[in-house]
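Breakdown of the fold
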Amino acid sequence: MPDLRELYQEVIFDHNRKPRNFGRLAGANRSAEGVNPLCGDKLTLYLKMADGVIEDVSFEGTGCAISTASASLMTESLKGKTEAQAQALFEEFHALVTGSDGTQAAASLGKLDVLCGVRDFPGRVKCATLAWHTFQAALHDETRPVTTESSP
Amino acid sequence: MKTAADELAALRHVASAPPLDVARLRRDFPILRQSVHGKPLVYLDNAATSQKPQCVIDCEARYYAELNANIHRGVHTLSQRATEGYEAARDAVRRFINAARREEIVFVRGTTEAINLVAASYGQRFQAGDEILVTEMEHHSNIVPWQLACEHTGALLQVAPIDDAGELMLEEFERLLGPRTKLVALTHLSNALGTINPVQRVIELAHARGIPVLVDGAQAVAHLEVDVQALDCDFYAFSGHKLYGPTGVGVLYGKQALLEAMPPYQGGGDMIRQVTFRKTTYNDLPYKFEAGTPNVAGVVALGAAIEYVSGVGLEAIAAHERELLTYATAQACATPGLRLIGTAKHKASILSFVLDSVHPHDVGTILDYEGVAVRTGHHCAMPVMERYGVPATVRASFAAYNTHEEVDTLFGAVRKALEVFR
């Protein structure tokens, strides 16, 4: 039986209450929107890219604790990464929350590891991945809002 | 000495339905015996779909085990029996909503298809500049079909506003009824707010101007007694699955004269009288609107569900649910940091709320952990969410089998969510 405390770890509460890198980013040169209408999650992601490196990143919007904390933690971990490094991180994170990597989290995930509890709550995986898919869209300059809900 | 008022009260007590034996009724629903996360299931998502009593489950199984054949076709015995079962359900529906004629009962997939049928068929008469009037509290299924009809015809969708309590603003509604208004479509009971609309009054106002009215009864039929003749509505749409019946079956009631004048919705078998490549003539009502092999098992089981509900008594169900809602509302008001969304004077079954410090989706997960099933989200009523400035709400919705103890469990879980997120 999944444990609620595995899902809602203290770090998640902390990032939900005080999201980091929250607000519009001055000097951003990429952005994208993510919307999960069924849960009512909505966020805009801003990127400042320079020479293939994420110089700065921020987000704004509203969402549940999982989606807000995930977005906040993501922005912290993305700063200073190259596109290739960020892509690798996305894939590791995706494997972590969907449980497709077995039980061990990759060491490179660092603090993002606190979201591992999500894998036992299939209905909440989309909350944790919304920010990341929105990041991907911003990186590739997609104009259509992203969603991680498969049904309308 | 007894006063006249006392006597009247005593009479009313005798006349009203006896209280529900909820413990006994619960035994009819096998699904309620299970546990979720090690806790007894507290099912409070009845506005999404209700659970099914054993008699409905058995009826559908028995249909396939003993009766299955295509209807209105063969001369063989099974086909005749299947047809009888199917048509008996139509009679049961007619009695249940007190329609004047069985020809006025069309079986469809659900409320959504019923409304789409009217929008696609009746909607063909709309012209550019015509207006269709809905309310701000409608479910998407009573908005989008009209938007589609508007796209096809150039008609315009008008929206009657609701106030902060979630009540339809009748004067505004009346003001929007104009010479161009060709149809009014509104919900009987709001799925997001629990508001019972004054449909009788709305229909009077519309009819005074010669405008027909479609009532979305998806939520209402399981909680309020519906008499389509007393209401004098022109169309009434509802689903089987919110009425203790199976999914995939629903009903469109339409006044005979209107249905007669409407073009078919879908073409196919059963809806025709004669087909040639030159010209096809259509079948009589209600078959004109029932193209193809319908959900026969579902229709037959819907008949069983209606029999079940009628046996328990909608009046008794409504009285029980009213008590639960009052009890739950009092607990909600006593919970600091909880805001009710929908505080209309006349409400049924539905308690929608948000917590200051916890997003509805997180509430949903914590409640689920306590075995409590509620709906979290926009309830397919995004304009309502926008009206109240919330992304989503938590919605607990009650049915005949829910208990006061379950309401206590709900609020115990809500307090837990507030503690976890303190």
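Up top is the structure.
Now for a look at the structure at hand. (Residues numbered from 1 in each chain as written. Chains lettered and ligands numbered in written order. Predicted model: local features only at pLDDT ≥ 70, side-chain atom pairs only at ≥ 80, totals over all residues. Heavy atoms only, no water.)

**With respect to the overall build of chain B**
Heads up, the rule is: Put simply, DSSP marks the helices as runs of H or I at least four residues long and the strands as runs of E at least two long, and each gets a number from the N terminus on. Radius of gyration here uses only the C-alpha atoms, and the compact-globule reference equals 2.2 Å multiplied by the residue count raised to the power 0.38. The buried label goes to any residue with under 20% of its type's maximum accessible area, the exposed label to any with over 50%, and the partly exposed label to all in between, with areas taken from a 1.4 Å probe on protein chains only. Any two residues whose heavy atoms approach within 4.5 Å are treated as being in contact. All accessible areas in this document rest on Shrake-Rupley with a 1.4 Å probe, and a residue is counted as covered only by the protein chains that are shown. Think of it this way: Lys and Arg go in the positive column, Asp and Glu in the negative one, and His and the chain ends go nowhere. Charge coordinates come from a single atom per side chain, which is NZ of Lys, CZ of Arg, CG of Asp or CD of Glu.
Looking only at helices and strands, one finds 15 helices and 17 strands in chain B. Scaling as 2.2 N^0.38, a compact globule of 422 residues should have a C-alpha radius of gyration of about 22 Å, and chain B matches this with 22 Å. With the principal axes as the frame, chain B shows a C-alpha extent of 75 × 55 × 55 Å. Across the 422 residues that make up chain B, the buried fraction comes to 56%. Within chain B, contacts between residues at least 6 apart in sequence are counted, and of these 71% link residues at least 24 apart. Per element, the accessible surface of chain B, about 17800 Å² overall, is 52% carbon and sulfur. With 39 positive and 48 negative side-chain charges, chain B shows a spacing of 3 Å between the two charge centroids.

**Structural notes on the packing of aromatic side chains**
Stated formally: Classification of ring pairs rests on two measures: the distance between centres of Phe, Tyr or Trp rings, Trp counted by its six-membered ring, which must be within 6.5 Å, and the angle between planes, read as stacked under 30 degrees, edge-to-face over 60 and tilted in between. When the NZ atom of lysine or the CZ atom of arginine is within 6 Å of a ring's centre and also within 35 degrees of its normal, the charge is said to sit over that ring.
Taken as a whole, this structure holds 16 aromatic pairs over all chains when the rule is applied. Plain terms: the ring middles of W132 of chain A and F135 of chain A are 6.4 Å apart, the flat faces sit at 90° to each other, and that makes the pair edge-to-face. Here F135 of chain A and W132 of chain A lie together in helix α5 (residues 125-139), a separation of three residues that amounts to about one turn. For the pair shown, W132 of chain A and F135 of chain A are each scored as buried. Over the aromatic face of Y388 of chain B sits the side chain of R387 of chain B, whose NZ or CZ is 5.4 Å from the ring centroid.

**Side note on helix α12 (residues 314-333) of chain B**
Residue and element names in this part refer to chain B. Using the following cut-off: Take the number of residues in a helix, subtract one, and multiply by 1.5 Å to get its expected span.
Taking 1.5 Å of rise per residue, the 20 residues of α12 would be expected to cover 28 Å, and the 28 Å separating its terminal C-alpha atoms lies within 8% of that figure. By the burial criterion, the buried members of α12 are L314, A316, I317, A318, H320, E321, L324, L325, A328, Q331 and A332. Check the buried side of α12 and you find it contacts α2 (22-26), α4 (77-97), α11 (296-312), β13 (338-340), β14 (350-355) and α15 (404-420).

**Points about unusual backbone geometry**
Residues and elements named next belong to chain B. Following L285, the chain continues to P286 via a peptide bond in cis, the omega torsion being -5°. Structurally, the position occupied by P286 is in the loop between β12 (280-282) and α11. Notably, H37 is not glycine yet its phi reads approximately 50°, a positive angle. Tracing the chain through its elements places H37 in the loop between β1 (35-36) and β2 (39-40). With a phi angle near 75°, D270 is a residue other than glycine that sits in the positive phi range. Here D270 shows up in the loop between α10 (256-261) and β11 (272-275).

**Re the pairing of strand β2 (residues 41-50) of chain A**
Residues and elements named next belong to chain A. In plain terms, the rule: A pair of strands is labelled paired if DSSP reports no fewer than 2 bridges between them.
By the criterion of burial, β2 is predominantly enclosed, with seven of the ten residues buried. Relative to β2, strand β1 (residues 30-36) is paired through seven bridges, and the arrangement is antiparallel. When the bridges of β2 are listed, G34 appears paired with L43. Linkage of β1 to β2, two consecutive antiparallel strands, is achieved through a turn of four residues, within which G40 is found at a positive phi near 85°. Here β2 pairs with strand β3 (residues 53-62) via nine bridges, running antiparallel. Of the residues in β3, the one forming a bridge with A50 is V53. Between β2 and β3, which follow one another and run antiparallel, lie two residues, and D51 among them has a positive phi close to 55°.

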